[in-house]
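# Understanding the architecture of this molecule
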Amino acid sequence: MIILGLDGATFSLIEPWVASGDLPNFERLLDESVHGDLESTVPEITVPAWPAFATGRDPTELDMYGFTHFNRETRENDLSHDEFVPGKMWDAVDDQGGSAVVFNIPGSYPWQAIDGTIIAAAPEYKEEYAHPPERWDEVNDLVDGYKLRNDERPGSRAYVDLSLELVDKRFEAFEHFIETEDPDLAVGLVRATDRVAHHYWGADSTPPASTDNAILEVYRRVDDRLGDFLDAHDDEDLVVMSDHGFEKVRKNFAANVALERAGLVSLTDSGDSTKAAMGTARDLASDALGKVGLLTLARKVVPESALTGVPTGDHLGLDNALSTGRIDWDETAALADVGQKTALVYALADDPAEIERICERAETALRDGAEGEGLAVRFERLDRGGPHTPDLAMVIETPEVHTSSRFDAEDLLFDVDTSGHAREGIFLARGPSFREGRIEGAHITDIAPTVLHALGYRLPASMTGDVLDVFAEGTGPAGRDPERYDFVGGDATATGGVSGDDEKEDEVKGRLRELGYLE
């Protein structure tokens, strides 16, 4: 069984570009597969989506709500990059005597030792980059230098060229480990489909199928490599999927402004003005250096330790409000963090009755504000899985509108010109075990239980996802019921990383802002 992830890949691009003849191998895969939309997590962000994919568990079970997530207990934003997530599907395979290859999956580090190979995903700061450690030298020798991320300037031609190169290197290295190790389960990811969509979408709702379209260029390169991949694994079960989709974003809804108007959030008149001024200066310098292609060099020359704790970004979003001390905690009952199309509301209370009262007020304020602006929204109440789990989520269902954590927006709904995540990713399954046609209602937490069932393994009882109805009649998976067992997983064998190191945390936050994940 092989799972090929294409980060942020979306049918909103694949289908029109298949129709225009630009993606012949995606067209072939659609013809030969069972396929449909794959609903992402709440929120629809790379993290928690990939950990939810790997474990088959909802973010409330993981207590993971973004690359950064608000900590209700400390009232700070924590990075989640190197939080150990036990009980991944490849850990369950290992526990039942199987082997696995895990390649470039966010949230796979820190890892539990398995029979097989794990190659780390970004960010860079890790105690180890591969399991076993010698695999890191092997992958670097194989592709003549392996990079965890694209460090060219976003928007430049060099960024596109390196994206194309990284697509080739990801496919080459993933195929190498599949061929040499012949694992029971192989899971790999190409991230360039997400990165170029963040930086090169342009003004149109669907970027045009033109030769100067960087996103199409990357999708075509993926399509070329996909054709070879399909040929090489014609008689094997293959799942191609993404963690979320993508869309043009023209409007942002300021959730914290709605909460402030309802008396749930209060700001101080001034915070740390020195930090704020330094943050503005850094942003101006970063913009100037980026335009002339010197930002990467500047990062090497000026250590992040010199800027630790200095806010970035032009606006007063949640992270900057926290770092500059602008929130009046004595007068604040709730606040909102955001994840693309989702506002995440944290009630600052412990008593269940008080939490309920705060959530009712917050939902009323957000619903009235959003619907007053003509937006379609839905709400979910969440059970606290830990200090990072919000109490209430508002999901915007109107296309091309996202949420914002800004406190300083003049209007609830304001104009932006960017791109970002959509709720629906892609799911395509092809091979001897799978039927053809459509699948409806698939969720990203369904992948792990479906894959383990297809392989004949028992499912950890902790999985909240379901086994999908995707199997061909007469196959083994179609003819048996899923079995579950108590499995938690082992301890992490590697530690270290970003969390707890202010310099590294600031650098990672800066890169998250470049991608629009932080304000």
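Quick caveat: nothing in here was measured; it's all calculated off a predicted structure. (Residues numbered from 1 in each chain as written. Predicted model: local features only at pLDDT ≥ 70, side-chain atom pairs only at ≥ 80, totals over all residues. Heavy atoms only, no water.)

Looking now at the packing of helix 7 (residues 157-181) against helix 9 (residues 214-232). Closest axis-to-axis distance for the helix 7/helix 9 pair is 10 Å, and the angle between their directions is 15°. Taken together, helix 7 and helix 9 sit at an angle that is classed as roughly parallel. Helix-helix and strand crossings are classified by hand; for helix 7 and helix 9 the assignment is right-handed. Contact residues: helix 7 offers R157, V160, S163, L164, V167, D168, F171, E172, F174, E175 and I178, while helix 9 offers A214, E217, V218, R221, V222, R225, L226, F229 and A232. Class assignment of the residues belonging to the contact of helix 7 with helix 9 gives a composition of twelve nonpolar, one polar and seven charged. (Axes fitted to C-alpha atoms, helices over the stretch in contact; angles between N-to-C directions. Helix = DSSP H or I, 4+ residues; strand = E, 2+ residues; numbered from the N terminus. Parallel < 35°, antiparallel > 145°, perpendicular 65-115°, else oblique. Left-handed = near helix turned anticlockwise from the far one by under 90°. Contact = heavy atoms within 4.5 Å. Nonpolar A, V, L, I, M, F, W, Y, C, P; charged D, E, K, R; others polar.)

Across the sheet, four strands lie side by side as 11-12-14-13; this open sheet has antiparallel pairing. The sheet is open, and its two borders are formed by strand 11 (334-339) and strand 13 (377-381), each paired with just one other strand. Looking at each pair of strands side by side, their axes are set apart by 20° on average, direction ignored. Strand direction decides the pairing type here: strand 12 (residues 342-347) and strand 14 (residues 392-396), joined by four bridges, are antiparallel. Paired with L344 across the strands is A393, a residue of strand 14. Its contacts with the sheet put helix 14 (residues 352-372) on strand 11, strand 12, strand 13 and strand 14, and the angle it makes with strand 13 is roughly 170°. (Pairing = 2+ DSSP bridges.)

Let us look at the confidence of the model for the protein. Predicted coordinates in regions of low pLDDT should not be interpreted in detail. Mean pLDDT over the protein: 90, with 86% of residues reaching 70 or higher. Every residue in residues 273-284 scores below 50 in pLDDT, and together they form 18 contacts with partners more than four places removed in sequence or on other chains. Low pLDDT (under 50) marks residues 298-310, which in the prediction has 22 contacts with non-local residues, meaning those over four places away or in another chain. (pLDDT = per-residue confidence, 0-100.)

Before going further, it helps to examine the pattern of salt bridges. A side chain of one charge can pair with a side chain of the opposite charge when the charged atoms of the two come close. Enumeration according to the criterion identifies 34 salt bridges in this entry. Two residues, E217 and R157, come together in a salt bridge whose shortest N-O distance is 2.7 Å. Of this pair, E217 sits in helix 9 while R157 sits in helix 7; the two residues are 60 residues apart in sequence, bridging distant segments of the chain. Residue R367 pairs with E363 through a salt bridge whose shortest N-O separation is 2.7 Å. Here R367 and its partner E363 are both found in helix 14, four residues apart, which amounts to about one turn of the helix. When salt bridges that share partners are traced, they join E39, E44, R378, E380, E397 and R423 into one network. (Salt bridge = Lys/Arg side-chain N within 4 Å of Asp/Glu carboxyl O.)

Of the strand pairs in this sheet, strand 2 (residues 34-39) and strand 17 (residues 424-430) are connected by six bridges, and their pairing is antiparallel. Considered in strand 17, the bridge of H35 is made with L428. Where strand 2 meets strand 18 (residues 437-438), two bridges bridge the pair, whose relative direction is parallel. The partner of H35 across the bridge, within strand 18, is R438. Bridge analysis of strand 2 against strand 19 (residues 442-443) gives two bridges, and the strand direction is parallel. What sits directly across from E39, in strand 19, is H443.

A separate point is the sheet that holds strand 10 (residues 245-254). As summarised here, the arrangement of the three strands in space is 15-10-16, forming an open sheet in which the pairing is mixed. Two strands lie at the open edges of the sheet, namely strand 15 (401-404) and strand 16 (413-422), each paired on one side alone. Direction aside, the axes of adjacent strands within the sheet are offset by 40° on average. Pairing analysis gives eight bridges linking strand 10 to strand 16, with the strands arranged antiparallel. Across the sheet, the residue bridging to G245 is A422, located in strand 16.

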